[in-house]
Each structure stands twice: as C-alpha cells, then as structure tokens.
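If you want the building blocks of each chain, they are given just below.
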Amino acid sequence: MLLEINNLNSYYGSSHVLQNMSLNVDQGEVVALLGRNGMGKSTTLKSIIGLVKPRSGRVVFDGREITGLRPYKVARAGIGYVPEERRIFPTLSVLENLKMGIKKGRQVDTSMSNPWTIERIFDYFPFMGDRVAQKGATLSGGEQQMLTIARTLMGNPRLILVDEPTEGLAPLMVKKISEVLRMISQAGISILLVEHNLKEALSVAGRVYLMGKAHIAFSGTVEELEADAEIKAKYLEV
Ligand SMILES: Nc1ncnc2c1ncn2[C@@H]1O[C@H](COP(=O)(O)OP(=O)(O)O)[C@@H](O)[C@H]1O
Ligand SMILES: [Mg+2]
C-alpha cells in the first residue's frame, strides 16, 4: 500500500472533525474522497500533509510513518498537495511559477526513471509553453488550476492530493481538468482526489470513499457506489 491512514483523529480546538478516519491508496490508484460540505475532506488532506497535526492515529507512506511531520518533509517524502484555494504566485510568470515547484518536492536522484522537467510539463500542458512569460494573475481560473497542478508535478511526487480542483470552473474546463488528472494517473502518479462533482470524480477514480460527518460512511468501487442510490442520496447531493 502506498498510503495508509489508520484511525486518525484530528481536532480544531475542541471540535473533533476526524474521528477514527481510515483510508488507503495503492500504488497507481486514483481514489476519490467524496461527501457534503463540512464533513472533513479537506481536513483529511491537511492531516496527511502536516497542515493539521492529528492527535492520534497513523499516516504511513511507502512503508514509512509520516504522521505529524512538517509539510515540507511530507513533500520531500513524495506527496504533492494541490490545495482548494489555487495558490499560484500572481506576480510571477508561468515559468517562474513552475520553477517554484522544484525545490518543494522530492530531489531528483538516479533511481527516478522519468523526472518532471519544464519541457515535459509543456508536452502535457501546451498552453504553458506558449505563454511562459505571462503573469500568473492573468490566466483564467482553469489555467491557474492547471498551473498549480503542474507546479506540484515539478516536485516529482509519487502521490498527489488534490482538493476540489473543478470548483467554480466552467463545464468545458471541468472536463479538461479531469483529462489532466487521467493523464497524470497514466504517467504513474497515484491520486487522492477530493471532489464535490460526483460525475467528474467517478470519471477519473477507480475507488471511492464517502464521508459522513467526521468519518467514512462508505467505501467501494465506483460501480458499487453507482449502484447504491440509497447511499448516494444519504451522503451526497445528487
Ligand atoms: N481552520 C478551522 N478552524 C475551525 N474549524 C474548522 C477549520 N477548518 C475547517 N473547520 C471545520 O471542520 C469541519 C471539517 O471541515 P473541512 O475538512 O474543511 O470539510 P470539507 O472539506 O469536507 O468541506 C467543518 O465543520 C469545518 O467548519
Ligand atoms: Mg473542503
């Protein structure tokens, strides 16, 4: 198992927002974490990458315990994080934004078969190659989202945690983001995807966890979720 979360408990002050949370992601998988607003999806990602320090439980990545490590150490271990708020650098160019991703992630070593380079990013995201000098702030919302994802790839993660990447985007851009995620998955990167958009999530993921308040209410394959109208009605807006 690439990522294992076991009985994680996280709090904001006295409010117990993750209660014995467990989930896992295998090498090569795309796993969706779904659920209504306020259930604890973002907090789950933050508890993995060290922005929220769990009070108990374990996070194990590639056989190594990383529970409560600082975010930069988790990034160096090989986990990339694409937060809900697209954090591009608005006054930096596309190229400068991409370069910011390099030092945050894993250092390239000889064991890495196909490290991410600027050229490879331009193959995947041609618009960036055409607009290297353009300032981040002048990109559209969807382009900024792609730049955030591309910058994360520059850190050579083995797993990326992506929080609601299609939020607020036009339908065509939503489709493009889903294509980008499928492409990244085909490049061998594992993905834990938080989504509110059920249709898009299911078009990318193979397996699904559904959150009720602070806990996992359902886990199964995409097909199992599709077939379960009762669970969908109870835990999702469908
Ligand atoms: N920084 C914070 N301080 C206090 N409470 C928070 C904070 N962030 C989130 N919460 C609360 O924790 C719960 C889980 O939030 P979150 O993980 O953001 O849910 P989701 O991503 O599923 O919408 C919610 O009740 C939310 O209001
Ligand atoms: Mg959230």
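Residues numbered from 1 in each chain as written. Chains lettered and ligands numbered in written order. Predicted model: local features only at pLDDT ≥ 70, side-chain atom pairs only at ≥ 80, totals over all residues. Heavy atoms only, no water.

Brief notes about the pairing of strand β10 (residues 215-221)
To be explicit about the condition: Any two strands are treated as partners once DSSP identifies two or more bridges connecting them. For the purposes of this entry, the term helix denotes a DSSP run of H or I that reaches at least four residues, the term strand denotes a run of E that reaches at least two, and both are numbered from the N terminus.
Relative to β10, strand β9 (residues 207-212) runs antiparallel, the two sharing 6 bridges. Note on β10: the bridge partner recorded for G212 is H215. The antiparallel hairpin formed by β9 and β10 contains 2 residues in its connecting segment, where A214 sits at a positive phi of about 70°.

Focus: the site of ligand 1
Short version of the rule: Here, proximity means that at least one heavy atom of the residue falls within 4 Å of the molecule or strand. The definition of a polar contact used here is a pair of N or O atoms within 3.5 Å, where within protein one atom must be able to donate a hydrogen and the other to accept one, and adjacent residues in sequence count solely through side-chain atom pairs. Amino acids are sorted into nonpolar (Ala, Val, Leu, Ile, Met, Phe, Trp, Tyr, Cys and Pro), charged (Asp, Glu, Lys and Arg) and polar (every other residue, Gly among them).
Neighbouring ligand 1 are Y12, V17, R36, N37, G38, M39, G40, K41, S42, T43 and K213. Between ligand 1 and M39 there is a distance of 3.2 Å, counted from an oxygen atom to a backbone nitrogen or oxygen. Among the elements that make up the shell around ligand 1, the one with the highest residue count is helix α1 (residues 41-49) (3 residues). A breakdown of the residues in the shell around ligand 1 according to their chemical character gives 3 nonpolar, 5 polar and 3 charged.

Some remarks on the environment of V59
Threshold: Should any heavy atoms of two residues lie within 4.5 Å, those residues are counted as being in contact.
Within the secondary structure layout, V59 lies in strand β4 (residues 56-61). Considered as a pair, V59 and E4 are 55 residues apart in the sequence and their alpha carbons are 5.8 Å apart. Those residues within four positions of V59 in sequence are excluded, and the remaining contacts are L3, E4, L8, S47, I48, R64, E65, I66 and T67.

A short note on the sheet that holds strand β6 (residues 79-82)
Filter applied, for reference: Comment: axis = line fitted to C-alpha atoms, over the contacting stretch for helices; angle = value between 0 and 180 degrees taken between N-to-C directions.
Spatial ordering of the open sheet is given by β6-β7-β8-β3-β9-β10, a layout of 6 strands whose pairing is mixed. The outermost strands of the open sheet, each flanked by one partner alone, are β6 and β10. Neighbour to neighbour, the strand axes of the sheet diverge by 15° on average, direction disregarded. Sheet analysis places β6 next to strand β7 (residues 159-163), joined by 4 bridges and oriented parallel. Across the sheet, the residue bridging to I79 is L159, located in β7.

Here's the deal with the packing of helix α6 (residues 141-153) against helix α7 (residues 171-186)
For any two helices packed against each other, the geometry comes down to the angle between their axes and how far apart the axes lie. Heads up, the condition is: Each angle receives one of four descriptions, namely roughly parallel if under 35 degrees, roughly antiparallel if over 145, roughly perpendicular if within 65 to 115, and oblique otherwise. Handedness of a crossing follows from how the near helix is turned relative to the far one, being left-handed for an anticlockwise turn of less than a right angle and right-handed for a clockwise one.
Between α6 and α7, the shortest axis-to-axis distance is 10 Å and the interhelical angle comes to 15°. By the criterion of interaxial angle, the relationship of α6 to α7 is roughly parallel. Like other packed secondary-structure pairs, α6 and α7 cross with a definite hand, here right-handed. Facing G142, E143, Q145, M146, I149 and L153 of α6, the residues of α7 in contact are M173, K176, I177, V180 and I184. In the contact of α6 with α7, the residues fall into 7 nonpolar, 2 polar and 2 charged.

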